[in-house]
Amino acid sequence: MRMKYVLSEVLVGLWRNVTMTLAMIITMAVSLFMLGGSGLLYQKVGDMKDLYYENVQVSIFLKTDVNDQQRTDLETKLKADPMVKEVTYVDKDEAYKRFQQMYADAPDLVNAVKPDQLPESFRLTLNNPEQYKKIYDEYKTSEGIDTIVDQSKLLDKVFGVLSGFQNGALAIAIVMAVAALLLVANTIQVAAYSKRREVAVMKLVGASNWFIQAPFVLEAVVAGLIGSVLGLLALIVLKTLAAGSSMAALEGLITPISWSEIFLTFPLMAAVGGVVSAVTAWVTLRFYLRV
């Protein structure tokens, strides 16, 4: 009987302040959408780092006047280096083939370059790509070496931009979460004020604190759960639209977000929406009703 009463009061409370309830749900949905999106972004950037850094290479370009002895000595030293996992020698002809493939869309540029104009090089795969600086310091003064290029330098810039998006999404999620909490607190206060006489009567007849607070707290929890469902639907719509747009072409560059990963964010969003709403409502009632 008590549970039936509490649930009926929850429905009445949500309908009584329908405009504020809708505002609370929408704000909660947006904040949870941003939270889920930023969480997925953090995960994907981490996956991308692992994927790209596994394949990152250090290129050691040789001088045009390097002799066979210098090349052989350098190759032997590189293969014996514990930091180096794999060494690949690229001669001028192979370098020209790669150049042709890379600039296949610019035939004039390809025709203007001759095979003997491209330098020989060693392509290194490191056991730990973050040790590039040590490789650079050790080999920069070696005979026959012109320049040392590390792909991770470019990747660091790319991931720096992505990290900026991460932090921006998280910051927006935090701002929206604060707005949602303020709306929850304000909605609960209005609901408690509209039922102040009923609350006073219940306190006089000896109703427990839980019995008085439960309908208000459950109102906030229901709003938070509905907001999490709407946030999930927004993520689904975003992925569907992205899959059918020009962003689909980026799947070869970035790690795609799967449907399972999106649906696995829902428990987190629901937990945050429900628990945070419940705690906010309970704290608000403690200060407002003094029960």
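Just above, that's the structure.
Below you will find a few notes about this structure. (Residues numbered from 1 in each chain as written. Predicted model: local features only at pLDDT ≥ 70, side-chain atom pairs only at ≥ 80, totals over all residues. Heavy atoms only, no water.)

### Overview of the overall build of the protein
No. 1: Summing up its helical and strand segments, the protein has ten helices and four strands in all.
No. 2: When the helices and strands of the protein are listed from N to C terminus, the series reads α-α-β-α-β-α-α-β-α-β-α-α-α-α.
No. 3: Taking all 291 residues of the protein together, 38% fall into the buried category.
No. 4: Partitioning the intrachain contacts of the protein with sequence separation of at least 6 by distance along the chain shows that 85% fall at a separation of at least 24.
No. 5: When the accessible area of the protein is evaluated, it comes to approximately 16,800 Å², of which 64% is carbon and sulfur surface. (Helix = DSSP H or I, 4+ residues; strand = E, 2+ residues; numbered from the N terminus. Buried < 20%, exposed > 50% of the residue type's maximum accessible area, 1.4 Å probe, protein only. Contact = heavy atoms within 4.5 Å. Areas by Shrake-Rupley, 256 points an atom, 1.4 Å probe, with all protein chains shown as cover.)

### Description of the pairing of strand S1 (residues 58-62)
No. 1: Most of S1 is tucked away, with four of its five residues classed as buried.
No. 2: Examined bridge by bridge, S1 and strand S3 (residues 121-126) share four bridges and lie antiparallel to one another. Of the residues in S3, the one forming a bridge with Ser59 is Arg123. (Pairing = 2+ DSSP bridges.)

### Some thoughts on the sheet that holds S3
No. 1: Spatially, S2-S3-S1-S4 is the arrangement adopted by the four strands of the open sheet, whose pairing is antiparallel. Every interior strand has two partners, whereas the edge strands, strand S2 (84-90) and strand S4 (145-150), have only one. The sheet shows a mean angle of 20° between the axes of neighbouring strands, taken without regard to direction.
No. 2: As paired strands, S1 and S4 are joined by five bridges and run antiparallel to one another. Bridge pairing in S4 links Leu62 to Ile145.
No. 3: The sheet contacts of helix H3 (residues 68-80) involve S1, S2, S3 and S4, and relative to S3 the element is tilted by about 5°. (Axes fitted to C-alpha atoms, helices over the stretch in contact; angles between N-to-C directions.)

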